[in-house]
Amino acid sequence: MQVTGDWAGRALAEVLDQVAATAAEVGEGRFPLYADPDSGQWTTTGRGSWAGGFWAGLLWLRARHTGAAGDRAAASACTARLAGWVDADTSTRGLILWYGTALAVEDAGAQALRARAAGACLAAVDGELGLLPWGSAFGGPRLLARVDGLPGTIPLLASVGPAAAASHLQRHLTLCLPGSGTQVCRARDLVPAWSYEAEKGWLACADPAPGWSRGPAWLLLALADALHRPAVAACLPGQQPQALAERLAAAWTGPGTPLVPSADAARPDGPADTSAAAVTAVALLKLSLLPGPRAAAYARRAAEILEHLVEHHLSRGRLLNGCYDADKGLAVRHELVWGDFFLALGLAGLAGSADLRTV
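Anyway, here's the lowdown on the structure attached to this text.

Reading the values: rules and limits
Residues numbered from 1 in each chain as written. Predicted model: local features only at pLDDT ≥ 70, side-chain atom pairs only at ≥ 80, totals over all residues. Heavy atoms only, no water. Helix = DSSP H or I, 4+ residues; strand = E, 2+ residues; numbered from the N terminus. Expected span 1.5 Å × (residues − 1). Buried < 20%, exposed > 50% of the residue type's maximum accessible area, 1.4 Å probe, protein only. Arc of directions from axis to C-beta. Contact = heavy atoms within 4.5 Å. Polar contact = N/O pair within 3.5 Å; in protein donor to acceptor, adjacent residues only side chain to side chain. 1 Å grid on protein atoms, 1.4 Å probe; cavity = no way out; pocket = protein on both sides within 12 Å on 5 of 7 lines; lining within 4 Å. Points joined across faces, edges and corners; volume = space filled by probe spheres on them. Core = buried A, V, L, I, M, F, W, Y, C linked by side-chain atoms within 4.5 Å. Pairing = 2+ DSSP bridges. Axes fitted to C-alpha atoms, helices over the stretch in contact; angles between N-to-C directions. Left-handed = near helix turned anticlockwise from the far one by under 90°. Nonpolar A, V, L, I, M, F, W, Y, C, P; charged D, E, K, R; others polar.

In this section: helix H5 (residues 108-124). Turn by turn, an α-helix covers 3.6 residues, leaving residues three or four places apart pointing in a common direction. Relative to the 24 Å expected for 17 residues at 1.5 Å per residue, H5 spans 25 Å between its end C-alpha atoms, a close match to the ideal helical length. Buried within H5 we find Ala110, Leu113, Arg114, Ala117, Ala118, Ala120 and Cys121. The arc that holds the buried residues of H5, viewed along the axis, is 165 degrees, so those residues lie on one side. Facing away from the buried side of H5 by more than 90 degrees, the exposed set consists of Ala108 and Ala123. Residues of H5 that are buried in the fold lie against helix H3 (69-80), helix H4 (93-98) and helix H6 (153-158). Regarding H5, its N-cap is aspartate 107, as a side-chain oxygen of that residue lies 3.2 Å from the backbone nitrogen of glycine 109 further along.

A complete count under the given rule lists one cavity of 30 Å³ or more for this structure. By volume, the largest cavity is sized at about 60 Å³. Where the lining of the largest cavity is concerned, the elements lending two or more residues are helix H1 (7-26), helix H2 (52-66) and helix H13 (337-351). Per-element tally for the lining of the largest cavity: the top contributor is H1, with four residues.

Take the nonpolar core next. By size, the foremost hydrophobic cluster in this structure holds 118 residues, and its most contacted members are Phe54, Leu287, Phe342 and Leu343. For this core, the leading source of residues is helix H8 (residues 214-227), giving ten residues.

In spatial order, the strands read S3-S4-S5; together these three strands make up an open sheet with antiparallel pairing. Where the open sheet ends on each side, the last strands, each with one partner, are strand S3 (144-146) and strand S5 (201-204). Between one strand axis and the next, the sheet turns by 25 degrees as a mean value, whatever way the strands run. Pairing between S3 and strand S4 (residues 193-197): three bridges, direction antiparallel.

Our focus in this paragraph is the pairing of S5. With four bridges connecting them, S4 and S5 associate as antiparallel partners. Across the sheet, the residue bridging to serine 195 is leucine 203, located in S5.

As a packed pair, H1 and H13 sit with axes 9 Å apart at the nearest point and diverge in direction by 145 degrees. For the pair H1 and H13, the crossing hand works out as left-handed. On H13, the residues touching Trp7, Ala8, Gly9, Ala11, Leu12 and Val15 of H1 are Asp340, Leu343, Ala344, Leu347, Ala348, Leu350 and Ala351. A per-class count over the contact of H1 with H13 returns eleven nonpolar, one polar and one charged.

Structurally, the position occupied by arginine 146 is in strand S3. Only 2.7 Å separates the side chain of arginine 146 from the side chain of aspartate 148, close enough to count as a polar contact. When near neighbours in sequence (up to four residues on either side) are disregarded, arginine 146 contacts Trp134, His172, Pro192, Ala193, Asp207 and Pro208.

Let's shift gears to H8. With 14 residues, H8 extends 20 Å between its outermost C-alpha atoms, agreeing within 8% with the 20 Å of an ideal straight helix rising 1.5 Å per residue. Most of H8 sits out of view: 14 of its 14 residues are buried.

Residues other than glycine predominantly adopt negative phi, and peptide bonds predominantly adopt the trans conformation. Here aspartate 207 and proline 208 are connected by a cis peptide whose omega angle stands at -5 degrees. Assignment of secondary structure puts proline 208 in the loop between S5 and H8. A positive phi angle, close to 50 degrees, is found at arginine 316, a residue other than glycine. For arginine 316, a relative accessible area of 61% puts it in the exposed group. Although it is not a glycine, alanine 331 adopts a positive phi angle of roughly 50 degrees. Its location among the elements puts alanine 331 in the loop between strand S7 (318-319) and strand S8 (335-336).

Here it is in structure tokens:
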């Protein structure tokens, strides 16, 4: 796509037109997960897995864009289908039930679902460990701390228990971020997953490994959301969240920094991950809405990332070259539903059709 003039608005319209085409392809009973870059055929799930909220979020973005009653009804129905995740044992309820409802500001059913999800997450917080555990819903050990259990969970918990939201974030920050200095924190430095054993305490996990592209992106997004919620930030030590956000953001704003990261920092010649770039662009836009000397720089960098994604990786409304799992060789240059969502959300923020302080 050639970028000129009102590129953000036109690109957003293109992505949301493709959302309608995807909806027609997958049908009302399925959730798209990732699509083949050549054929465009989607791999789908019945319940949405951990990414179902992003499909509902895309449908809400389309409904807001068109204003059509049919599009609102489709988004509302999709969100209602996420209700089975409210009591699931997983911290990815943040990804599912925050992003699936946050844009549905005038939908009573979605608001009720969000409130139920927030209460369920608060009830599941392990006070001894100081976090909402990763959980057992997807198999494996449940007492994990993973950075992808942060985004969405922070605003959900903040609505009913700011101290719990702060504790959940603080535990992950303590485990995942090296040291407490001001040096740039790159993907290879961050340890994205830890397991807890009663006799040994917290132990670093091998999967996902340091270098995972979405680790820093998810963590930066969670920090930005915390900073937009004063009651949460007030429960964190001093200026720590702002300082840590600046450390993570510095890895994206320095000279010569690539606009799209490698899916695995240890394999710079391997697949890239446009979805991590889209997530980071939204996080930077959120940070740019906070007072501070770097706000303008964050806004510029976010726009540069989004413009690059549109010009070099967007094809007929499809954000390609996302990487689901580089280690397993799974969907390594594909269209990913969360990549589409965060690209659309970032474009909506630039175009003035979404308030990123509240999404």
